[in-house]
Amino acid sequence: MTQLTPDAQKRLSVFLKTTAAQLKNSGKDSTEISMVISGLDEQVHEIALAENMTDVEGVETILQELDMSDITLIEDKTFGPSGLGKISLFLALITLFGIIFAAPIAEAIGMDGGAVMSTFVIFGAPAATLLGYVDKETQLAKAGMVLSAAIIILFTLIIGMALIGG
Amino acid sequence: MSKDWVSQMRKGVAELCVLSVLGQGEAYGYEILAKIRSNPNLSLGDSTLYLILARLEKEKLVKLRLAPSSSGPARRYFSLTGMGRQRLVDMSIFWDGFSKDVSLLLKE
């Protein structure tokens, strides 16, 4: 059975990997990327074998003639349709800001710094996690979820250590 | 080179064309593309077909079967699901009425 030459296979692999990486970096949906990339891989093999263009020049010609004009239409997953990912990340950042800056500020104006910090964590972090979960396929929602989950874990550890320490 | 409005019109019916080819039986990506392109006025971008197939699969209108190949990557065969067949019927009925109305309008 005829196959692509090693050089041709290498050229095709580079093309597919580069295209997939570019799309992934621009926040495109990974399921759609995977479908398009494996489809193109199958298709280039198909044409190369049918047209006896199995060497590197043949594959290069096929790649140049591929109509990739619509590849950018792969669904964008950076922001997502609902925008909840954006809110999730924003809320997680506000919570982080609250933990770092709000407590000392509250102490400075005579309030209970610990209570202010706890309020940020108790309300901000779970809300950010929840909103992120709703839009979990988007990049920003993932970032919001990871950040707020890290805050919750860290806060729980601090409280736990404080309780153990008495 | 195709004019922009030509590609826009083609895009509008691309999904119907893909479903229609699959309505004739199971087919793999390149086969679908070749069948569509064998009609002189129809065309489909190489990446467009796989995007359409990905979305049809996500909507559970088509299902995928992998068949190993000794000469390259596994060949992926697509076929219509029950929902896909229903969508094809619905789209075909709509297309009949739609194309008749446009033709009538053009003749006026």
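This section reports on the structure supplied with the text.

With that settled, consider the pattern of salt bridges. Pairing of side chains with opposite charge becomes possible as their charged atoms draw close. Counting across every chain of the model gives 11 salt bridges over all chains. When salt bridges with common partners are traced through the structure, they connect Asp-29 and Glu-32 of chain A together with Arg-55 and Lys-58 of chain B into a single cluster.

Residue and element names in this part refer to chain B. Taken as a whole and assessed by the stated rule, the structure comprises four aromatic pairs over all chains. Ring geometry for Tyr-28 against Tyr-77: centres 5.5 Å apart, planes inclined by 80 degrees, an arrangement best described as edge-to-face. Residue Tyr-28 is found in strand β1 (residues 27-28), and its partner Tyr-77 is found in strand β3 (residues 75-80); the two are separated by 49 residues along the sequence. Residue class for Tyr-28 comes out buried when judged on its relative accessible area of 13%. Judged by relative accessible area, Tyr-77 falls into the buried class, the value being 17%. Centre to centre, the rings of Trp-95 and Phe-98 are 5.9 Å apart; their planes meet at 35 degrees, and the pair counts as tilted. With Trp-95 and Phe-98 both in helix α4 (residues 82-107) and three residues apart, the pair spans about one turn of that helix.

Each side of the interface is counted separately: chain B has 24 residues, and chain A has 27 residues. Taking both partners together, chain B and chain A bury about 2200 Å²; carbon and sulfur atoms supply 53% of that area. Seen at the junction of chain B and chain A, the total is six salt bridges. Joining chain B to chain A, the criterion identifies 15 residue pairs in polar contact (both at pLDDT 80 or more). Looking at the side of chain B that touches chain A element by element, the count peaks at 10 residues for helix α3 (residues 46-58) of chain B. Its residues placed into classes, the side of chain B that touches chain A shows 10 nonpolar, seven polar and seven charged.

Our focus in this paragraph is the side chain of Asp-46 of chain B. Among the structural elements, Asp-46 of chain B can be located in helix α3. Among the polar contacts made by the side chain of Asp-46 of chain B, one reaches the side chain of Gln-43 of chain A at a distance of 2.3 Å. Engagement of the side chain of Asp-46 of chain B in a polar contact is seen with the backbone nitrogen of Asp-67 of chain A, the distance being 2.5 Å. Among all residues touching Asp-46 of chain B, those that are not within four sequence positions of it are Leu-40, Gln-43, Glu-65, Leu-66 and Asp-67 of chain A together with Leu-33 and Arg-37 of chain B.

Residue and element names in this part refer to chain B. Across the interface, helix α1 (residues 4-23) lies against helix α2 (residues 29-37) with an axial gap of 10 Å and an inter-helix angle of 110 degrees. One finds that α1 runs roughly perpendicular with respect to α2. Where α1 approaches α2, its residues Cys-17, Val-18, Val-21 and Leu-22 are matched on the opposing element by Ile-32, Lys-35 and Ile-36. Split by residue class, the contact of α1 with α2 holds six nonpolar, no polar and one charged.

Rules of the game
- Residues numbered from 1 in each chain as written.
- Chains lettered and ligands numbered in written order.
- Predicted model: local features only at pLDDT ≥ 70, side-chain atom pairs only at ≥ 80, totals over all residues.
- Heavy atoms only, no water.
- Salt bridge = Lys/Arg side-chain N within 4 Å of Asp/Glu carboxyl O.
- Phe/Tyr/Trp six-rings, centres within 6.5 Å; stacked < 30°, edge-to-face > 60°.
- Helix = DSSP H or I, 4+ residues; strand = E, 2+ residues; numbered from the N terminus.
- Buried < 20%, exposed > 50% of the residue type's maximum accessible area, 1.4 Å probe, protein only.
- Contact = heavy atoms within 4.5 Å.
- Buried area = accessible area lost by both parts, 1.4 Å probe.
- Polar contact = N/O pair within 3.5 Å; in protein donor to acceptor, adjacent residues only side chain to side chain.
- Nonpolar A, V, L, I, M, F, W, Y, C, P; charged D, E, K, R; others polar.
- Axes fitted to C-alpha atoms, helices over the stretch in contact; angles between N-to-C directions.
- Parallel < 35°, antiparallel > 145°, perpendicular 65-115°, else oblique.

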